[in-house]
Amino acid sequence: CTVDAKGGIPNPADVVDISCAFIPRGSGIASISLLCGVVGMLIGVFWAFFAFSTRKSPMMRSSQPLFCVLFAFFMGMVNITSILETGEHTDGACMLREVAFHIFFTLGFGAILCKIYRVVAIFSNIKLKKIVVRDIDLLGNMAKLVLVDAIILVAWSVIDPPLATIETETVKGISFEQIVCKSDNGSFSMLAYVYKIVILLFGMNMAYRSRNFNHFAESKELGTAIYCVVLLSVVAAVAFAFMEYQGQVIIRALISLLATVTSLSAFFIPKFMKRNMSPEEYRIAVSNSTGANTGTSTGQHTSTSSHGGDSEKEELINDLKQEIENLKAELQQTKA
């Protein structure tokens, strides 16, 4: 890492610019990474507090407030990795960064996966069987997702942990030593990220399957949040392939912040706009929203014939009545 000489004297012309293999505290890159990390965490905490404080409102009671809080909080905590990336590499820091990123990402994305899984399970019930998806069941699913991560990370830390390793590099005939985080074998790192790809693909599948649930207002919010995280993850993966360590740190910090902002905004801003609605106002707003969505999806039929539009409305009403009965049965079993 080259630094201009003190006293305003420029470096000699033959000074070789060497890219640091770590992020020095106090450097410009460290400041950007730290700022992104703090802002991302604060945004997550803000929306988690919003979900918790409005948990008894009509808008939030129908939205599984527990998982809203978990989604917001842990998506914010993903940004702590941007803070941990600053400073010299040590054996503890190398492993801690990996643990923080993988665990918090799985918890944050896992929370929204559980929410959309519940939507798909209930509204894909073609055979009209009684389906009960309780919060405790979804928490169990989240625990299973994190358990896989924990097994990979524990095995990684015991068998082949990333350690602060001295490497000798040569640039323009000049040899120098740098400390990098490195494992003897990259298999566990690859396995951990392949698992993230599997989780993202599962999320995309759930979002795609819920695309036509126009009568459930939250399905689009969930789908949009998932697509934001998936798209930005792809951008980060492509950018990583063409950058050195410092560039990768900047990209991870920016992408983590953008993923937090976009996914939480897509999910929570519509709820924030309805936070002060009475139960009746909220029911009417949801009814108008779902009615507009349904009208858009079936517009080519309703514009053709008024009789066809009436029959479609009757069919939709019957479907909704049946779904209400299913939800009532679920509620009774939950109370029991």
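What you see is a predicted model; the values in this text were computed from it and never measured. (Residues numbered from 1 in each chain as written. Predicted model: local features only at pLDDT ≥ 70, side-chain atom pairs only at ≥ 80, totals over all residues. Heavy atoms only, no water.)

J.: It is not clear to me how the overall build of the protein should be interpreted in this structure. Could you clarify?
T.: When you go through the protein residue by residue, the secondary structure sums to 12 helices and two strands. Order of helices (α) and strands (β) in the protein, N terminus to C terminus: α-α-α-α-α-α-β-β-α-α-α-α-α-α. Residue burial in the protein is summarised as follows: out of 336 residues, 40% are buried. On the protein, roughly 18400 Å² of surface is accessible, and the fraction owed to carbon and sulfur atoms is 65%. (Helix = DSSP H or I, 4+ residues; strand = E, 2+ residues; numbered from the N terminus. Buried < 20%, exposed > 50% of the residue type's maximum accessible area, 1.4 Å probe, protein only. Areas by Shrake-Rupley, 256 points an atom, 1.4 Å probe, with all protein chains shown as cover.)

J.: What am I meant to see in the state of the cysteines here?
T.: A covalent bond bridging the sulfur atoms of two cysteines is what the word disulfide describes. Taken as a whole, this structure holds one disulfide when the rule is applied. Here Cys-94 pairs with Cys-181 through a disulfide, and the sulfurs are 1.8 Å apart. Measuring the twist about the S-S bond at about -75 degrees, one finds the Cys-94-Cys-181 disulfide to be left-handed. With Cys-94 in helix α5 (residues 91–123) and Cys-181 in strand β2 (residues 174–182), this residue pair connects regions lying 87 residues apart in the sequence. Judged by its relative accessible area of 3%, Cys-94 falls in the buried class. Accessibility expressed as a relative area gives 32% for Cys-181, which makes it partly exposed. (Disulfide = S-S within 2.5 Å.)

J.: When you look at the side chain of Thr-81 in this model, what are you seeing that I'm missing?
T.: Within the secondary structure, Thr-81 is located in helix α4 (residues 80–84). Within the local environment of Thr-81, its side chain forms a polar contact with the backbone oxygen of Val-78, the two atoms lying 3.2 Å apart. Not counting chain neighbours up to four residues away, the residues in contact with Thr-81 comprise Arg-97, Ala-100, Phe-101 and Arg-252. (Polar contact = N/O pair within 3.5 Å; in protein donor to acceptor, adjacent residues only side chain to side chain. Contact = heavy atoms within 4.5 Å.)

J.: What is the right way to read a nonpolar patch on the surface from this model?
T.: Taken together, the side chains of Ile-197, Leu-201, Met-204, Tyr-208 and Tyr-227 make up a nonpolar region of the molecular surface, amounting to roughly 490 Å² of accessible area. Here the nonpolar patch gets four residues from one element, more than from any other, and that element is helix α7 (residues 187–209). Positionally, Tyr-208 belongs in helix α7. (Patch = residues over 30% accessible without salt bridge, like charges linked within 9 Å, V, L, I, M, F, W, Y side chains within 5 Å. Salt bridge = Lys/Arg side-chain N within 4 Å of Asp/Glu carboxyl O.)

J.: Is there a simple way to explain the pattern of salt bridges in this structure?
T.: Proximity of charged atoms lets side chains of opposite charge pair with each other. Throughout the structure, instances matching the rule amount to three salt bridges. The shortest N-O distance in the salt bridge between Glu-85 and Arg-252 comes to 3.2 Å. With Glu-85 in the loop between α4 and α5 and Arg-252 in helix α9 (residues 245–273), this pair connects stretches of sequence that are 167 residues apart. Looking at Glu-85, the relative accessible area reads 8%, which means it is buried. The shortest N-O distance in the salt bridge between Glu-221 and Lys-271 comes to 3.5 Å. One end of the pair, Glu-221, is in helix α8 (residues 218–240); the other, Lys-271, is in helix α9, with 50 residues separating them in the sequence. Of the residues examined, Glu-221 reaches a relative accessible area of 12% and is grouped as buried.

J.: Sorry, what's going on with the side chain of Arg-97 here?
T.: Its location among the elements puts Arg-97 in helix α5. Of the buried charged residues, Arg-97 lacks a salt bridge, with Glu-85 as the closest side chain of opposite charge at 4.1 Å. When sequence neighbours within four positions are dropped, the list of residues in contact with Arg-97 reads Thr-81, Leu-84, Glu-85, Thr-86, Gly-87, Glu-88, His-89, Cys-181 and Tyr-245. (Lys, Arg positive; Asp, Glu negative; His and termini not counted.)

J.: Help me understand the nonpolar core, please; the structure alone is not making it clear to me.
T.: In summary, soluble globular proteins display a tendency toward joint burial of nonpolar side chains. One finds Phe-71, Phe-109 and Phe-268 to be the most contacted residues of the largest nonpolar core, which totals 53 residues. Secondary-structure elements contributing two or more residues to this core are α1 (28–53), α2 (58–61), α3 (65–77), α5, α6 (135–159), α7, α8 and α9. Considering every element that reaches this core, the biggest residue donor is α5, with 17 residues. One finds Ala-236, Ala-239, Ile-255 and Ala-259 within the second-largest nonpolar core, a separate group that totals six residues. (Core = buried A, V, L, I, M, F, W, Y, C linked by side-chain atoms within 4.5 Å.)

J.: So what exactly am I meant to see when it comes to the environment of Met-273 here?
T.: Topologically, Met-273 is positioned in helix α9. Counting along the chain gives 214 residues from Met-273 to Met-59, while the straight-line C-alpha distance between them is 9.9 Å.

J.: Any chance you could explain α6 here in plain terms?
T.: The α-helix winds at 3.6 residues per turn, so residues separated by three or four positions along the chain end up facing the same way. Helix length check: α6, at 25 residues, gives a terminal C-alpha distance of 36 Å against a target of 36 Å (1.5 Å per residue), a fit within 8%. Burial in α6 covers these residues: Leu-138, Met-142, Val-146, Asp-149, Ile-152, Leu-153 and Trp-156. Against the buried residues of α6 lie α3, α5 and α7. (Expected span 1.5 Å × (residues − 1).)

J.: What is the right way to look at the packing of aromatic side chains in this model?
T.: By convention here, two paired aromatic rings are described through the distance between centres and the angle between planes. For the structure on display, the rule yields 14 aromatic pairs. Ring centres 4.9 Å apart and planes at 90 degrees place the aromatic pair Phe-267 and Phe-268 in the edge-to-face group. You can call Phe-268 buried: its relative accessible area is 0%. Among the aromatic residues, those joined into a ring-pair cluster are Phe-46, Trp-47, Phe-50, Phe-71, Phe-267, Phe-268 and Phe-272. When the ring centre of Phe-52 is taken as origin, the NZ or CZ atom of Arg-55, which lies over that ring, is 4.1 Å away. A cation over an aromatic ring shows up here: Lys-271 above the ring of Phe-267, its NZ or CZ 4.7 Å from the ring centre. (Phe/Tyr/Trp six-rings, centres within 6.5 Å; stacked < 30°, edge-to-face > 60°. Lys NZ or Arg CZ within 6 Å of the ring centre and 35° of its normal.)

Everything listed is a geometric property; what it means functionally is a separate question.
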